[in-house]
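Survey of secondary and tertiary structure
One-letter residues, chain by chain:
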Amino acid sequence: GVDNVWGMCRRGGKEMSQEQRILAYLESGKTITPLEALRLFDCLALSQRCGSLRRQGKNIQSELIEIPTQSGKKKHVKKYWIPKQLSLWEDYGQNP
């Protein structure tokens with residue numbers, strides 16, 4: 001929930017940047033859309049934050065999805081996530 005998001009705002013006693021908070025959120029296995037980024041992080045430019053993170057080497061994936069609007073119409077927005085990395089054992093379906 002939102003409490004967990006705000007709990008991620010500090011790392012080592014230092015305030016995290018908006019970009020760092022978004023990265024921590026994605027690294028926790030969650031997906032995010034621009035509307036969620038606005039609500040959770042006051043971010044109006046999620047695509048720019050994700051572009052910056054990609055240039056830093058982060059494996060941020062995205063896809064266009066359809067969401068319903070309050071008027072009943074459908075809107076296309078991007079959803080962003082970081083794919084889960086499997087361990088060597090998970091790749092082979094075994095446990096160490």
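Residues numbered from 1 in each chain as written. Predicted model: local features only at pLDDT ≥ 70, side-chain atom pairs only at ≥ 80, totals over all residues. Heavy atoms only, no water.

What follows covers the packing of aromatic side chains. Throughout the structure, instances matching the rule amount to one aromatic pair. Their ring planes at 80 degrees and their centres at 5.5 Å tell us that Tyr25 and Phe41 sit as a pair that is edge-to-face. Taken together, the residues Tyr25 in helix H2 (residues 18-27) and Phe41 in helix H3 (residues 34-41) connect sequence positions 16 residues apart. Side by side, Tyr25 and Phe41 carry an identical accessibility label, which is buried. Over the ring of Trp81 we find Lys79; its NZ or CZ atom is 5.9 Å from the centre of that ring. (Phe/Tyr/Trp six-rings, centres within 6.5 Å; stacked < 30°, edge-to-face > 60°. Helix = DSSP H or I, 4+ residues; strand = E, 2+ residues; numbered from the N terminus. Buried < 20%, exposed > 50% of the residue type's maximum accessible area, 1.4 Å probe, protein only. Lys NZ or Arg CZ within 6 Å of the ring centre and 35° of its normal.)

Three or more residues of helix H4 (residues 46-55) are buried, namely Leu46, Cys50, Gly51, Ser52 and Leu53. A positive phi of about 95 degrees marks Gly57, the residue just after H4.

Close approach of charged atoms lets side chains of opposite charge pair. For the coordinates displayed, the defined rule picks out three salt bridges. A salt bridge links Glu66 to Lys74; the shortest N-O distance between them is 3.8 Å. Overall, the relative accessible area of 45% leaves Glu66 in the partly exposed class. (Salt bridge = Lys/Arg side-chain N within 4 Å of Asp/Glu carboxyl O.)

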